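Fold and geometry: a report
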Amino acid sequence: MRVLIVEDEPYLADAIRDGLRLEAIAADVAGDGDTALELLSINAYDIAVLDRDIPGPSGDEVAARIVGSGSGMPILMLTAADRLDDKASGFQLGADDYLTKPFELRELVLRLRALDRRRAHNRPPVREFAGLRVDPFRREVYREGRYVALTRKQFAVLEVLVAAEGGVVSAEELLERAWDENADPFTNAVRITVSALRKRLGEPRVIATVPGVGYRIDTGPDEAREESEGG
(Lines give C-alpha, C1' and ligand atoms only; values in the text may rest on other atoms or scores of the structure.)
Protein backbone atom coordinates (compact mmCIF):
# COMPACT_ATOMS: atom_id res chain seq x y z
CA MET A 1 0.00 0.00 0.00
CA ARG A 2 1.25 3.50 -0.84
CA VAL A 3 -0.31 6.56 0.79
CA LEU A 4 0.09 10.31 0.48
CA ILE A 5 0.18 12.20 3.78
CA VAL A 6 -0.81 15.85 3.45
CA GLU A 7 0.13 17.47 6.76
CA ASP A 8 1.78 20.85 7.43
CA GLU A 9 3.16 19.98 10.87
CA PRO A 10 6.60 18.54 9.97
CA TYR A 11 7.15 16.55 13.17
CA LEU A 12 3.71 14.96 13.00
CA ALA A 13 4.03 14.23 9.27
CA ASP A 14 7.44 12.60 9.74
CA ALA A 15 6.20 10.57 12.72
CA ILE A 16 3.25 9.29 10.70
CA ARG A 17 5.45 8.48 7.70
CA ASP A 18 8.03 6.62 9.80
CA GLY A 19 5.36 4.77 11.76
CA LEU A 20 3.56 3.65 8.61
CA ARG A 21 6.79 2.41 7.07
CA LEU A 22 7.29 0.17 10.10
CA GLU A 23 3.90 -1.31 9.22
CA ALA A 24 5.04 -1.92 5.61
CA ILE A 25 2.97 0.98 4.31
CA ALA A 26 4.90 3.25 1.94
CA ALA A 27 4.21 6.94 2.57
CA ASP A 28 5.09 10.24 0.91
CA VAL A 29 4.62 13.58 2.65
CA ALA A 30 3.30 16.90 1.31
CA GLY A 31 3.38 19.94 3.59
CA ASP A 32 1.00 22.08 1.53
CA GLY A 33 -1.75 21.83 -1.03
CA ASP A 34 0.39 22.69 -4.05
CA THR A 35 2.91 19.95 -3.25
CA ALA A 36 0.07 17.50 -2.66
CA LEU A 37 -1.46 18.21 -6.07
CA GLU A 38 1.95 17.89 -7.74
CA LEU A 39 2.62 14.51 -6.12
CA LEU A 40 -0.85 13.30 -7.02
CA SER A 41 -0.22 14.21 -10.66
CA ILE A 42 2.96 12.15 -10.96
CA ASN A 43 2.56 9.25 -8.51
CA ALA A 44 0.01 6.51 -7.96
CA TYR A 45 -1.36 6.34 -4.42
CA ASP A 46 -3.78 3.91 -2.84
CA ILE A 47 -5.08 6.34 -0.20
CA ALA A 48 -4.74 10.05 0.59
CA VAL A 49 -4.50 11.18 4.22
CA LEU A 50 -5.47 14.86 4.26
CA ASP A 51 -5.22 17.50 6.94
CA ARG A 52 -7.95 20.00 6.14
CA ASP A 53 -6.06 23.06 7.36
CA ILE A 54 -2.92 23.33 5.20
CA PRO A 55 -1.18 26.18 3.32
CA GLY A 56 -2.04 26.77 -0.32
CA PRO A 57 -5.03 24.87 -1.66
CA SER A 58 -6.79 23.53 1.45
CA GLY A 59 -7.29 19.89 2.27
CA ASP A 60 -10.88 20.33 1.15
CA GLU A 61 -9.71 21.61 -2.24
CA VAL A 62 -7.26 18.73 -2.62
CA ALA A 63 -10.05 16.29 -1.72
CA ALA A 64 -12.31 17.87 -4.35
CA ARG A 65 -9.59 17.46 -6.98
CA ILE A 66 -9.11 13.79 -6.07
CA VAL A 67 -12.84 13.13 -6.29
CA GLY A 68 -13.09 15.08 -9.52
CA SER A 69 -10.30 13.03 -11.11
CA GLY A 70 -12.48 9.93 -10.99
CA SER A 71 -9.60 7.82 -9.66
CA GLY A 72 -11.71 6.42 -6.84
CA MET A 73 -8.84 6.98 -4.41
CA PRO A 74 -10.10 6.74 -0.80
CA ILE A 75 -9.61 9.86 1.34
CA LEU A 76 -9.03 9.87 5.08
CA MET A 77 -9.39 13.33 6.65
CA LEU A 78 -7.25 14.45 9.59
CA THR A 79 -8.37 17.41 11.65
CA ALA A 80 -8.25 18.91 15.12
CA ALA A 81 -11.97 19.64 14.87
CA ASP A 82 -14.28 17.03 16.37
CA ARG A 83 -17.64 18.69 15.83
CA LEU A 84 -20.23 16.66 13.98
CA ASP A 85 -20.87 19.40 11.39
CA ASP A 86 -17.14 19.50 10.54
CA LYS A 87 -17.18 15.76 9.95
CA ALA A 88 -20.38 16.01 7.92
CA SER A 89 -18.87 18.63 5.63
CA GLY A 90 -15.80 16.43 5.13
CA PHE A 91 -17.91 13.46 4.12
CA GLN A 92 -19.92 15.67 1.76
CA LEU A 93 -16.66 16.59 0.02
CA GLY A 94 -16.02 12.92 -0.65
CA ALA A 95 -13.99 11.79 2.36
CA ASP A 96 -14.26 8.07 3.11
CA ASP A 97 -13.13 8.25 6.73
CA TYR A 98 -12.28 10.80 9.41
CA LEU A 99 -9.72 10.82 12.21
CA THR A 100 -9.54 13.52 14.87
CA LYS A 101 -6.21 14.69 16.30
CA PRO A 102 -4.63 13.58 18.51
CA PHE A 103 -4.82 9.94 17.50
CA GLU A 104 -2.92 6.71 18.00
CA LEU A 105 -0.85 5.55 15.04
CA ARG A 106 -2.32 2.07 15.47
CA GLU A 107 -5.81 3.43 14.82
CA LEU A 108 -4.62 5.16 11.66
CA VAL A 109 -3.05 1.92 10.43
CA LEU A 110 -6.26 -0.02 11.08
CA ARG A 111 -8.35 2.57 9.26
CA LEU A 112 -5.98 2.63 6.28
CA ARG A 113 -6.05 -1.14 5.95
CA ALA A 114 -9.84 -1.15 6.19
CA LEU A 115 -10.06 1.44 3.39
CA ASP A 116 -7.64 -0.58 1.27
CA ARG A 117 -9.69 -3.76 1.72
CA ARG A 118 -12.88 -1.91 0.85
CA ARG A 119 -11.33 -0.52 -2.28
CA ALA A 120 -9.95 -3.91 -3.31
CA HIS A 121 -13.50 -5.23 -3.74
CA ASN A 122 -14.13 -2.61 -6.44
CA ARG A 123 -10.84 -2.74 -8.30
CA PRO A 124 -11.16 -2.25 -12.07
CA PRO A 125 -9.66 -5.05 -14.17
CA VAL A 126 -6.06 -4.96 -15.33
CA ARG A 127 -5.98 -4.71 -19.13
CA GLU A 128 -3.30 -6.36 -21.25
CA PHE A 129 -3.02 -5.73 -24.97
CA ALA A 130 -0.21 -5.56 -27.54
CA GLY A 131 2.48 -6.00 -24.90
CA LEU A 132 0.97 -3.31 -22.67
CA ARG A 133 -0.26 -3.94 -19.15
CA VAL A 134 -2.47 -1.18 -17.73
CA ASP A 135 -3.49 -1.36 -14.07
CA PRO A 136 -6.17 1.31 -13.42
CA PHE A 137 -6.24 0.53 -9.70
CA ARG A 138 -2.56 1.23 -9.09
CA ARG A 139 -2.21 3.62 -12.02
CA GLU A 140 0.70 1.61 -13.35
CA VAL A 141 1.72 0.82 -16.92
CA TYR A 142 4.19 -1.81 -18.12
CA ARG A 143 5.38 -2.46 -21.65
CA GLU A 144 6.88 -5.89 -22.20
CA GLY A 145 7.50 -6.05 -18.45
CA ARG A 146 9.17 -2.61 -18.29
CA TYR A 147 7.58 -0.03 -15.99
CA VAL A 148 6.59 3.17 -17.80
CA ALA A 149 6.09 6.34 -15.75
CA LEU A 150 3.19 8.40 -17.10
CA THR A 151 1.47 11.61 -16.13
CA ARG A 152 -2.19 11.38 -15.10
CA LYS A 153 -3.35 12.67 -18.49
CA GLN A 154 -1.08 10.32 -20.45
CA PHE A 155 -2.37 7.40 -18.38
CA ALA A 156 -5.99 8.43 -19.04
CA VAL A 157 -5.39 8.54 -22.81
CA LEU A 158 -3.61 5.19 -22.85
CA GLU A 159 -6.34 3.61 -20.74
CA VAL A 160 -8.97 4.62 -23.32
CA LEU A 161 -6.87 3.37 -26.24
CA VAL A 162 -6.07 0.01 -24.63
CA ALA A 163 -9.73 -0.50 -23.69
CA ALA A 164 -10.60 -0.14 -27.39
CA GLU A 165 -8.40 -3.23 -28.08
CA GLY A 166 -7.11 -2.02 -31.44
CA GLY A 167 -10.21 -0.08 -32.40
CA VAL A 168 -9.86 3.50 -33.57
CA VAL A 169 -10.59 6.20 -31.01
CA SER A 170 -11.19 9.70 -32.35
CA ALA A 171 -9.46 12.76 -30.94
CA GLU A 172 -12.88 14.05 -29.96
CA GLU A 173 -13.62 10.93 -27.92
CA LEU A 174 -10.23 11.10 -26.21
CA LEU A 175 -10.86 14.74 -25.38
CA GLU A 176 -14.25 13.86 -23.92
CA ARG A 177 -13.09 10.85 -21.88
CA ALA A 178 -9.60 11.91 -20.74
CA TRP A 179 -10.26 15.59 -20.15
CA ASP A 180 -13.69 16.98 -19.21
CA GLU A 181 -16.74 18.66 -20.64
CA ASN A 182 -15.06 22.08 -20.45
CA ALA A 183 -12.16 21.09 -22.72
CA ASP A 184 -11.75 23.19 -25.87
CA PRO A 185 -12.64 20.97 -28.87
CA PHE A 186 -10.20 22.97 -31.04
CA THR A 187 -7.23 22.47 -28.72
CA ASN A 188 -4.19 20.44 -29.80
CA ALA A 189 -3.96 18.89 -26.32
CA VAL A 190 -4.75 15.41 -27.63
CA ARG A 191 -2.04 15.52 -30.31
CA ILE A 192 0.53 16.84 -27.84
CA THR A 193 -0.37 14.24 -25.21
CA VAL A 194 -0.30 11.34 -27.68
CA SER A 195 3.09 12.50 -28.96
CA ALA A 196 4.50 12.61 -25.43
CA LEU A 197 2.89 9.25 -24.64
CA ARG A 198 4.58 7.66 -27.64
CA LYS A 199 7.95 8.85 -26.41
CA ARG A 200 7.31 7.50 -22.92
CA LEU A 201 6.30 4.09 -24.27
CA GLY A 202 9.43 3.91 -26.44
CA GLU A 203 10.25 2.05 -29.63
CA PRO A 204 8.82 0.40 -31.58
CA ARG A 205 5.85 2.71 -31.50
CA VAL A 206 2.62 1.10 -30.46
CA ILE A 207 0.19 4.00 -30.93
CA ALA A 208 -0.77 4.39 -34.58
CA THR A 209 -2.48 7.36 -36.19
CA VAL A 210 -5.36 6.71 -38.56
CA PRO A 211 -5.30 9.87 -40.70
CA GLY A 212 -8.45 11.91 -40.42
CA VAL A 213 -10.00 9.44 -37.98
CA GLY A 214 -8.05 9.08 -34.73
CA TYR A 215 -5.65 6.77 -32.90
CA ARG A 216 -5.39 3.10 -32.06
CA ILE A 217 -3.12 0.61 -30.33
CA ASP A 218 -1.31 -1.24 -33.10
CA THR A 219 -0.36 -4.89 -32.78
CA GLY A 220 1.92 -4.48 -35.81
CA PRO A 221 4.89 -2.44 -34.57
CA ASP A 222 6.33 -1.92 -38.05
CA GLU A 223 3.25 -0.03 -39.14
CA ALA A 224 3.15 1.99 -35.95
CA ARG A 225 6.79 2.94 -36.42
CA GLU A 226 5.93 4.60 -39.72
CA GLU A 227 3.33 6.94 -38.20
CA SER A 228 4.21 10.59 -38.07
CA GLU A 229 5.41 12.12 -34.82
CA GLY A 230 2.81 14.81 -34.74
CA GLY A 231 -0.16 12.81 -35.99
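Higher on the page you've got the structure.
For the structure given in this document, a descriptive report is provided here. (Residues numbered from 1 in each chain as written. Predicted model: local features only at pLDDT ≥ 70, side-chain atom pairs only at ≥ 80, totals over all residues. Heavy atoms only, no water.)

So, the side chain of Thr 193
The following threshold applies: The numbering of helices and of strands both runs from the N terminus, where a helix is a DSSP run of H or I of at least 4 residues and a strand a run of E of at least 2. With a 1.4 Å probe rolled over the protein chains alone, any residue whose accessible area is under 20% of its type maximum counts as buried; one over 50% counts as exposed, and the rest are partly exposed. N or O atoms within 3.5 Å of each other form a polar contact, as long as, within protein, one can give a hydrogen and the other can take it, and as long as residues adjacent in sequence are counted only when both atoms are side-chain atoms. In this description, contact between two residues means that some pair of their heavy atoms is separated by no more than 4.5 Å.
You can see Thr 193 is positioned in helix 8 (residues 189-201). The exposure class assigned to Thr 193 is buried, which follows from its relative accessible area of 12%. Only 2.8 Å separates the side chain of Thr 193 from the backbone oxygen of Ala 189, close enough to count as a polar contact. Other than its neighbours up to four places away in sequence, Thr 193 contacts Lys 153, Gln 154, Val 157 and Trp 179.

Let's talk about the sheet that holds strand 6 (residues 127-129)
The test is simple: When DSSP locates at least two bridges between a pair of strands, those strands are taken to pair. Helix axes are fitted to C-alpha atoms over the stretch in contact, other axes to C-alpha atoms as well, and angles between N-to-C directions run from 0 to 180 degrees.
With antiparallel pairing, 4 strands are arranged side by side in an open sheet as 6-7-8-9. The outermost strands of the open sheet, each flanked by one partner alone, are strand 6 and strand 9 (146-148). For this sheet, the mean inter-axis angle between neighbouring strands, taken without regard to orientation, is 20°. Across 3 bridges, the pairing between strand 8 (residues 140-143) and strand 9 is antiparallel. Opposite Arg 143, over in strand 9, you have Arg 146 as the bridge partner. Against the sheet, helix 8 engages strand 7 (132-135), strand 8 and strand 9, with an angle of about 155° to strand 9.

Considering unusual backbone geometry
Cis geometry marks the peptide bond from Lys 101 to Pro 102, where omega comes out at -10°. Tracing the sequence through the fold places Pro 102 in the loop between strand 5 (97-100) and helix 5 (105-120). Within the chain, Glu 165 stands out as a residue other than glycine whose phi angle is a positive 50°. With respect to the helices and strands, Glu 165 occurs in the loop between helix 6 (152-163) and helix 7 (171-178). Residue Glu 165 is classed as exposed on the basis of its relative accessible area of 54%.

Digging into the environment of Glu 9
Note on placement: Glu 9 falls in the loop between strand 1 (2-6) and helix 1 (10-22). Judged by its relative accessible area of 41%, Glu 9 is partly exposed. As for Glu 9 and Ile 54, which are separated by 45 residues in sequence, their C-alpha atoms are 9.0 Å apart.

Regarding the sheet that holds strand 4 (residues 75-79)
The sheet built from 5 strands is open, its strands ordered 2-1-3-4-5 with parallel pairing. Only two strands of the sheet have a single partner each, and these edge strands are strand 2 (26-30) and strand 5. Between one strand axis and the next, the sheet turns through 20° on average, direction left out of account. Looking at chain direction, strand 1 and strand 2 are connected through 5 bridges and run parallel. Its bridge partner being in strand 2, Val 6 is matched across the sheet by Ala 30.

Focus on helix 8
Here is the rule we go by: Any helix carries an expected span of 1.5 Å times its number of residues minus one.
Counted at 1.5 Å a residue, the expected span for helix 8 with its 13 residues is 18 Å, and the 18 Å between its end C-alpha atoms agrees. Where helix 8 is concerned, the buried positions are Ala 189, Val 190, Thr 193, Val 194, Ser 195, Leu 197, Arg 198 and Leu 201. With its phi angle positive at about 80°, Gly 202 sits one or two positions after the end of helix 8.

Quick look at the nonpolar core
We count it as follows: Throughout this description, the term nonpolar core refers to a set of buried Ala, Val, Leu, Ile, Met, Phe, Trp, Tyr and Cys residues connected via side-chain atoms within 4.5 Å.
Among the nonpolar cores identified, the biggest contains 25 residues, and Val 141, Leu 158, Leu 161, Leu 174, Leu 201, Ile 207 and Ile 217 are the most heavily contacted of them. Examining the composition of this core, we find that 7 residues originate from one element, helix 6, more than from any other. Among residues more than four places away in sequence, those in contact with Val 141 are Arg 133, Val 134, Arg 146, Tyr 147, Val 148, Leu 150, Phe 155, Leu 158 and Leu 201. Residues Leu 40, Leu 50, Met 73 and Tyr 98 belong to the second largest nonpolar core, which totals 19 residues.

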